[in-house]
Amino acid sequence: ATTFHEFIERHVLKYADYQKLPVHFTGSVAFHNREIIEAVLENRNLKKRVFLKTPMEGLIQYHSK
């Protein structure tokens, strides 16, 4: 979980208003570790949004609308 904490610190917390925005994840690593990542997000009071196993899932959803 330490690695996910570091990821959030480096790539999410650097943005202004980061607590107001949802955090999305795409890829098999995030998808298969989503429970751990959700715990890290909850610990930081961040809003989780979507965990997609592949980028194709998001593309299909987007173009289906």
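Just so we're clear, the structure is a prediction, and the values are computed from it rather than from any experiment.

Conventions we followed
Residues numbered from 1 in each chain as written. Predicted model: local features only at pLDDT ≥ 70, side-chain atom pairs only at ≥ 80, totals over all residues. Heavy atoms only, no water. Helix = DSSP H or I, 4+ residues; strand = E, 2+ residues; numbered from the N terminus. Buried < 20%, exposed > 50% of the residue type's maximum accessible area, 1.4 Å probe, protein only. Phe/Tyr/Trp six-rings, centres within 6.5 Å; stacked < 30°, edge-to-face > 60°. Lys NZ or Arg CZ within 6 Å of the ring centre and 35° of its normal. Axes fitted to C-alpha atoms, helices over the stretch in contact; angles between N-to-C directions. Parallel < 35°, antiparallel > 145°, perpendicular 65-115°, else oblique. Left-handed = near helix turned anticlockwise from the far one by under 90°. Contact = heavy atoms within 4.5 Å.

Asker: Quick question: what am I supposed to make of the environment of Glu-35 here?
Answerer: Within the secondary structure layout, Glu-35 lies in helix H3 (residues 34–43). Take Glu-35: its relative accessible area is 68%, and that puts it in the exposed class. C-alpha separation for the pair Glu-35 and Val-50, spaced 15 residues apart in sequence, amounts to 12 Å.

Asker: Can you walk me through the packing of aromatic side chains in this structure?
Answerer: For any pair of aromatic rings, the description rests on two quantities: the centre-to-centre distance and the angle between the ring planes. Under the criterion given, the structure shown has two aromatic pairs. Plain terms: the ring middles of Phe-7 and Phe-25 are 6.4 Å apart, the flat faces sit at 45° to each other, and that makes the pair tilted. Taken together, the positions of Phe-7 in helix H1 (residues 2–11) and Phe-25 in strand E1 (residues 22–26) put the pair 18 residues apart, joining distant regions of the chain. By relative accessible area, Phe-25 is classed as buried at 9%. Members of the aromatic cluster, joined through ring pairs, are Phe-7, Phe-25 and Phe-51. It is Arg-34 that lies over the ring of Phe-31; its NZ or CZ is 4.3 Å from the centre.

Asker: Explanation requested: unusual backbone geometry in the structure shown.
Answerer: Glycine aside, residues mostly have negative phi angles, and peptide bonds mostly take the trans form. Positive phi is not limited to glycine here, since Asp-17 has a value of about 60°. Positive phi, normally seen in glycine, also occurs at Asn-45, with a value near 60°. Here Asn-45 lies in the loop between H3 and strand E2 (47–52).

Asker: Before we go on, may I ask you to explain the packing of H1 against H3 in this structure?
Answerer: To describe two helices that pack against each other, one gives the angle between their axes and the distance between the axes. Contact geometry of H1 with H3 gives a least axis separation of 10 Å together with a crossing angle of 50°. With respect to H3, the axis of H1 lies oblique. Classified by chirality, the crossing of H3 by H1 is right-handed. For the pair H1 and H3, the contacting residues are Phe-4, His-5 and Ile-8 in the first and Ile-36, Ile-37, Val-40, Leu-41 and Asn-43 in the second.

Read these as geometric descriptors, not functional statements.
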